[in-house]
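Reading the structure
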Amino acid sequence: MPPPSPLTAAIPLRPLLLFLFFAVPVVSWRPWPNAKPNSTDFLYGGSKKYEGSSEFVHLKYHMGPVLTANITVYPIWYGTWQSSQKRIIREFIGSISAAGSKSPSVAGWWKTVQLYTDQTGANISRTVHVGEEKNDRFYSHGKSLTRLSVQSVIKSADFCNNICGFHYFTFPSIVGYTLPYAWVGNSAKLCPGVCAYPFAVPDYIPGLKPVKSPNGDVGADGMISVIAHEIAELSTNPLVNAWYAGQDPVFPVEIADLCEGIYGTGGGGSYTGQMLNGKDGATYNMNGIRRRFLVQWVWNPLVNYCTGPNALDQ
């Protein structure tokens, strides 16, 4: 989900993505406990024939660019991160293009994102890989960042009241070029009941029990779905003028927003849908190269509802 900022004119776009992973907390874009006017709760009607289906959802293409060339993700690790956490996140990104992974797979999930096209009919790239990484362990721009100071972090790297993650693009006047970027916080640091759900649960739902995370790290495993959410939206709406629903371009509802909190068949509202349980008791819904992950579904433009590789009818 992008921050509420005005649209800019057509800008040369690099087929690169910059991800800033913050050890300091950021807050949730999720639609609960305080629902926003562009949340899925307001878009979904009473009919639940299909996950997230609604006659009120009108996703449209607004003629802006999408990422059709090979996508490189450049991580900036802001603050202190464990090497094990970095490995989990790297492998998820690498799994997006790993077509040989066991089904249901992350690569299968990405096929839905690939359905989106630009003005020429070119599809989103199938190739996503990790590029050069930067570490900023000592918080060179402080622990309290604004959206503009986030761009200062990018420039330096050469390329429950806040949010779990957001995306936008850099301004040439600050960074020197236009580059889509996302900011994702460590979901174990603050509001884990929202940002790491369902591996952690919110206090305002008594009796709800968390499920076991697939890679043994609630923070990193909780971040995976946020990262997936932002990569999907960065690819289909990098300059906030391509694929989105809603009448207000300042508050677009994008392809992952429409499926927020849906991880399996039957999902919608406060129910995640049917997920998978491993022999070790861990909960997940898709496989990567060597690991398992829990990733939210995205909006399928061909059938007009949320889909994922672990759907029971596939």
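This write-up is about the structure you can find in this document. Fair warning: this is a prediction, and the values are worked out from it, not measured in the lab.

**Describing helix 2 (residues 83-95)**
In a regular helix each residue adds 1.5 Å, so 13 residues correspond to 18 Å; helix 2 covers 18 Å between its end C-alpha atoms and thus fits that length. Along helix 2, the residues that are buried comprise Gln-85, Lys-86, Ile-88, Ile-89, Glu-91, Phe-92, Ile-93 and Ser-95.

**Examining the side chain of Ser-97**
Relative to the helices and strands, Ser-97 is located in the loop between helix 2 and helix 3 (106-113). Only 2.6 Å separates the side chain of Ser-97 from the backbone nitrogen of Val-128, close enough to count as a polar contact. Setting aside its immediate chain neighbours within four residues, Ser-97 contacts Arg-126, Thr-127 and Val-128.

**Quick word on helix 3**
Counting buried positions along helix 3 gives six out of eight residues, so the element sits mostly inside the fold. Residues Val-106, Ala-107, Trp-109, Trp-110, Thr-112 and Val-113 constitute the buried set of helix 3.

**Observations concerning the environment of Gly-273**
Here Gly-273 is to be found in the loop between strand 8 (243-244) and strand 9 (276-277). By relative accessible area, Gly-273 is classed as buried at 4%. If we ignore the near neighbours within four places in the chain, the residues touching Gly-273 are Gly-264, Thr-265, Gly-266 and Gly-267.

**Considering the nonpolar core**
If you look at the biggest cluster of nonpolar residues, it comprises 49 residues, and the most contacted ones within it are Leu-59, Phe-92, Trp-109, Trp-110, Ile-255, Val-295 and Trp-299. Of all the secondary-structure elements, those providing two or more residues to this core are strand 3 (71-78), helix 2, helix 3, helix 7 (218-236) and strand 13 (298-300). Residue contributions to this core peak at eight residues, all from helix 7. Counting eight residues, the second-largest nonpolar core is a separate cluster that includes Ile-163, Tyr-168, Trp-183 and Val-240.

Reading the values: the criteria
- Throughout, a residue's number is its position along its own chain's written sequence, starting from 1.
- The predicted origin of the model limits local features to residues at a pLDDT of at least 70 and limits the giving and counting of side-chain atom pairs to 80 or more, whereas totals for whole chains, interfaces and linings rest on all residues.
- Note: side-chain values were computed over all heavy atoms of the structure, leaving out hydrogens and water.
- What counts as a helix is a DSSP run of H or I of at least four residues, what counts as a strand is a run of E of at least two, and both are numbered from the N terminus.
- The length a helix should cover is 1.5 Å for every residue beyond the first.
- Partly exposed residues are those whose accessible area sits between 20% and 50% of the maximum for their type, while under 20% is buried and over 50% is exposed, using a 1.4 Å probe and protein chains only.
- For this analysis, a polar contact is any N or O atom pair within 3.5 Å, provided that within protein one partner can donate a hydrogen and the other can accept it, and provided that sequence-adjacent residues contribute only side-chain to side-chain pairs.
- For this analysis, residues touch if any pair of their heavy atoms sits within 4.5 Å.
- Throughout, nonpolar core names a set of buried Ala, Val, Leu, Ile, Met, Phe, Trp, Tyr and Cys residues whose side chains join them through atoms within 4.5 Å.

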